[in-house]
Protein chains: 2
Amino acid sequence: MAKITHVSPLAPAAFPDLPVIEGVRFATVAAGVRYSGRTDVMLAALDPGATVAGVFTRSATRAAPVLDCQAKIGRDDDAGAAIIVNSGNANAFTGRRGIESVRAVTSAVAEALDIPEARVFSSSTGVIGEPMKHDRIIAAIDELTGALKRDGIAEAAHAIMTTDTFPKGAATEVLIDGEAVRITGIAKGSGMIEPDMGTMLVYIFTDARADLPVLQSMVSALNAKTFNCITVDSDTSTSDTLLVAATGASGVTITENSVGFMEGLRRVMLDLAHQVVRDGEGATKFVEVSVTGAHSDAEAQVHAKSIANSPLVKTAIAGEDPNWGRIVMAVGKSGARADRDTLSIWFGDILVARDGWVSPDYSEGDAAAYMKRQDLVIHVDLGLGGGTARVWTCDLTHGYIDINADYRS
Amino acid sequence: MAKITHVSPLAPAAFPDLPVIEGVRFATVAAGVRYSGRTDVMLAALDPGATVAGVFTRSATRAAPVLDCQAKIGRDDDAGAAIIVNSGNANAFTGRRGIESVRAVTSAVAEALDIPEARVFSSSTGVIGEPMKHDRIIAAIDELTGALKRDGIAEAAHAIMTTDTFPKGAATEVLIDGEAVRITGIAKGSGMIEPDMGTMLVYIFTDARADLPVLQSMVSALNAKTFNCITVDSDTSTSDTLLVAATGASGVTITENSVGFMEGLRRVMLDLAHQVVRDGEGATKFVEVSVTGAHSDAEAQVHAKSIANSPLVKTAIAGEDPNWGRIVMAVGKSGARADRDTLSIWFGDILVARDGWVSPDYSEGDAAAYMKRQDLVIHVDLGLGGGTARVWTCDLTHGYIDINADYRS
C-alpha cells in the first residue's frame, strides 16, 4: 500500500461546514474490513418518504454492489431507505460470491432498520478480486444503527475514503418560492492512490420533496455536465456510484421547472467533481479544458476529452510548458471533426494560435509565466459551429507513477 | 531539449546488416535544419519503373508533407521517383507556408533528378508550429544528389532520427518461384523523446516488381496488423508516414496471391513496429497484449488497445505488479462487449482468473516472478466468440515523465 503522507496541494483550505438535512441520519464504525485504526463503514438512514435517484459506472465489468443498486433504483416506495458503504474491499470481480456478500449486508441492514431490502443501497470501494469479509460489516450493524445522528455527515465523508488525501464535501441552499431548500453531499476518489482503489463514490442529500422521475432526470442530465466531465487518467472504475436522496423534510416540492434547485444541485455536484480532480493522483495543477466552435456539443466533448486525457498534454502541463503543438495533436487524433486552418488556441487569455498558425502576437515568455499558475484554462475554438464543452483534469507527474507503480503488497 | 544519454534497455543488440536493394540509392547530408553536428536530411532516389505505396496518419491536423504525399500517392508512373526526409522540423501546423515549403523542396529535388515533381515524396519530423527553413534543405540538394549510393540505407536510418535512442532497420529475403526477392526497411520514432517529436516514419524498399494496386492493398492490409497495433502512449502524431517502394530490379513480379512476399513484408513491418515500441519513451518492458474470444476481431482490438493504453495497467507493469484487477477494469471500460463471468486472464502461461473470479490455482508469487521479465505477454479471453487481436506496447515509467515534462527550450 502506497504511503501517502501529504495532502494534495490542490485541496480546499478546509472541509466545509455541511448543514443538517432533516430526514437523514448518519453513523460510522471501524469494522476492520481491511483497514485498522479507522472507520471504514458508513450508514445513512433515510426516513419514510425519501426519493433516491442514482447514476452508475457503465463498465462492462461492474462490481456486485453496482449491479444490485441498478436493480433497485427507479422503484418508488414510501418506506424508509438506507445507504451502506464500506471502504477496504470493492467486492468487484468476485463472481457469484460478490452478490451473496451484497445480499447478506443489505438484508441485515433492512432487518435492523425494519425497511424493505429493496430500499437498501450499498457501495464498496477497495481492492478488486478478493472475497469481501461481509461478516465483519454485519457484526457492526447494531453499533451503526445505535449511533445514527443528524449531524454525522462529515464523519461519513471520512469513513468512505480509501487513500484519498482529503475528505470531500459541498453544500448549498436555494430558495424556491421564498422557501429554503438545502443540498449537501460527500464524495470520495478518484485518488487511485492505493492501487486498485479508483472508485468514485458520491452521496448527495436534500430536504426537497421530489418525485423520482423528476429527480432522476435532473441527476442524469447534471451528471453529464459534471462528473462525466472530469478525468484524472482516462481509466474508469468498476464501482463508480452517485446517489441523490431527497428526504422531503422541507415540505418544498420541486418539479422539472425548478430551475433554482437544479442550479443548486449542479453547484454541489460540480464542486464535488472538482474536488475529486483536485485529489487526482500526483496532481499539481487543476486544468479546465474549454472547447468551443465544434460541429456539436458531443464533438466538442470528444475534443475536450482527447486533450484532457493526452499523456503528452498532461506531462507538458506538469512541466509548465506551454506546448500548444501537443494540443493540436490531441485535437487531430480525437476522431471528431476539426480543420487545422480554422483552429485557435488560448492559454487563459493568451492567444497562442489562430487560423492554423501561431499568433503573430504570441509571446512564449508570457505563456510560460501563465503555466506556472496552479489553476489553468486551456481554450480551443474549432471555428466550425456552435458546439461547446468543458472538461476538468489534472497534470501527469512523477507522483502518479510513484503511486501506481508501487507493488500492491 | 531532453538529454538522452542512454540507449533504450529494450534496443536490439546491433543494427542489422541490411542488403542492397537494386534500383534505389541513398544519400544523407548535414543541412542544419535545426540540429548541428549530425546528418538531418536523407534522399532516396528510385530508378524509373518503381512503384510507391503508402499509408499515413489519420489525424485531422496532419502536417503539410503528409497532405502532399496523400495527393501524390496512388498515381502510377514509370518515371523515376524520390523520397526526401528531414529531421528537426515537422512542418506541421504551419498553415499556408507549410505547403509552400513542401513545394519548394520537392520541386528542387525533381529538377535536380530530372523527374516529375508528382513523383517526389517528402516527410518532415521535429518541432510543430515553427516555419521550416527549407532554404537550408534546398541548398544541400546538389551535395545529396552527388552522394547517392546503393549501400547508404544505414546512414539514412540515422539521418531521420530525432531523439530516438537507436536507429531502426529490418530486412528479409523471400523466394518466389525459386527466385530471391529482398525487402528492407528503416523507421524512426515513436520516442516523443524530445517534446513535439512523435512522428513515426517508415521507409521500406524491395526489388520485387509490383503493380500499384497490388502493393497498396498489401501495405494497407499489413499496416492494420502491424503499425496500427502498436501504442506507446495513445497519442497520434500529425506526421506518421509509411512508404513502400518496389523497384522491380529483381525482375520478379508479385501478385495479390504472392503469399510468400506478403509474409516477408509482414515480418519486416512487424519487426520495425516492435523496434518503435522498444524505443518507446522511458520503456523498460515490451508487452504483447493478446485478446481472444471476442465477438469480432474489431472488438478484440478495442479491448486490446484499452488494456495497452491504460495508464494504470502500464504503471503496474512498470512496478512489476501482476495487478490483474486493472486488466478487468480496462476490459470493462473499453466500450466493446464483455461479460465479467466468462472472462479469463493469463500472464504468460500463468492462469490468473477464469470465469469471472481469481483462479483457485493462482499464485501471486509465480505471477510476480513472471512480471520481472523484460518481455511480457498478457492474454485475455472473453469467452464470447472467435474475435482475436494482438497489440504491442511498453510500460509507463518515471522516464516518460522525465522526457515529456521537460521544458522545451
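Use the structure listed above.
Residues numbered from 1 in each chain as written. Chains lettered and ligands numbered in written order. Predicted model: local features only at pLDDT ≥ 70, side-chain atom pairs only at ≥ 80, totals over all residues. Heavy atoms only, no water.

Caption draft 1: Spatial organisation of the overall build of chain A. Each helix and strand counted, chain A has 12 helices and 18 strands in total. Over its C-alpha atoms, taken along the principal directions, chain A stretches across nearly 70 × 55 × 40 Å. Each of the 409 residues in chain A was classed as buried or not, and the buried ones make up 62%. Across chain A, every contact between residues at least 6 apart in sequence was considered, and the portion connecting residues at least 24 apart equals 81%. Carbon and sulfur atoms make up 48% of the accessible area of chain A, which totals about 14,200 Å². The distance from the centre of the 36 positive side-chain charges to the centre of the 51 negative ones in chain A is 4 Å. (Helix = DSSP H or I, 4+ residues; strand = E, 2+ residues; numbered from the N terminus. Buried < 20%, exposed > 50% of the residue type's maximum accessible area, 1.4 Å probe, protein only. Contact = heavy atoms within 4.5 Å. Areas by Shrake-Rupley, 256 points an atom, 1.4 Å probe, with all protein chains shown as cover. Lys, Arg positive; Asp, Glu negative; His and termini not counted. Charge placed at Lys NZ, Arg CZ, Asp CG, Glu CD.)

Caption draft 2: A look at the pairing of strand β3 (residues 51-56) of chain B. All names here are of chain B. For β3, a buried count of six out of six residues is recorded, marking the element as mostly surrounded by other parts of the structure. Burial along β3 is two-sided: the face carrying T51, A53 and V55 and the face carrying V52, G54 and F56 are both buried. Summarising the sheet, β3 and strand β11 (residues 241-246) pair through six bridges and their orientation is antiparallel. Looking across to β11, one finds that A53 is bridged to V244. (Pairing = 2+ DSSP bridges.)

Caption draft 3: Focus on the relation of the copies chain A and chain B. Between chain A and chain B, which share one sequence, the superposing operator has a rotation angle of 180° and an axial displacement of 0.0 Å; the RMSD is 0.0 Å. The symmetry that links the two subunits is that of a two-fold axis. For chain A, the residue whose C-alpha comes nearest the rotation axis is A:H398, separated from it by 3.0 Å. When the interface residues of chain A are mapped onto chain B, 100% of them again fall at the interface, so both copies present the same face. (Least-squares fit on C-alpha atoms with pLDDT ≥ 70 in both.)

Caption draft 4: Representation of helix α2 (residues 95-113) of chain B in the model. Residue and element names in this part refer to chain B. With 19 residues, α2 should cover 27 Å at 1.5 Å per step; its first-to-last C-alpha distance of 28 Å lies within 8% of that length. Taken together, the buried positions of α2 are G95, G98, S101, V102, A104, V105, T106, A108, V109 and A110. Just downstream of α2, D114 is the residue with a positive phi angle, here 55°. (Expected span 1.5 Å × (residues − 1).)

Caption draft 5: Representation of unusual backbone geometry in the model. Residue and element names in this part refer to chain B. Within the chain, D114 stands out as a residue other than glycine whose phi angle is a positive 55°. Inspection of the secondary structure puts D114 in the loop between α2 and β5 (120-127). The class of D114 is exposed, set by a relative accessible area of 72%. Backbone geometry at D177 places phi at a positive 50°, although glycine is not the residue there. If you trace the backbone, D177 turns up in the loop between β6 (168-176) and β7 (179-188).

Caption draft 6: Fine view of the side chain of A:T61. Positionally, A:T61 belongs in the loop between β3 (51-56) and α1 (64-72). Of the polar contacts made by the side chain of A:T61, one reaches the backbone oxygen of B:V328; its length is 3.0 Å. If we skip the residues at most four places from it in the chain, A:T61 touches A:T238, B:V328, B:M329, B:V331, B:G332, B:R340 and B:L343. (Polar contact = N/O pair within 3.5 Å; in protein donor to acceptor, adjacent residues only side chain to side chain.)

Caption draft 7: Region of the structure containing the packing of helix α8 (residues 297-309) of chain B against helix α10 (residues 324-333) of chain B. Residue and element names in this part refer to chain B. Running from N to C, α8 and α10 point in directions that differ by 130°, and their axes come no closer than 8 Å. One finds that α8 runs oblique with respect to α10. Every pair of crossing elements has a handedness; the one defined by α8 and α10 is right-handed. Along its contact with α8, which presents H303, S306 and I307, the element α10 presents I327, A330, V331 and K333. Here the contact of α8 with α10 is composed, by residue class, of four nonpolar, two polar and one charged. (Axes fitted to C-alpha atoms, helices over the stretch in contact; angles between N-to-C directions. Parallel < 35°, antiparallel > 145°, perpendicular 65-115°, else oblique. Left-handed = near helix turned anticlockwise from the far one by under 90°. Nonpolar A, V, L, I, M, F, W, Y, C, P; charged D, E, K, R; others polar.)

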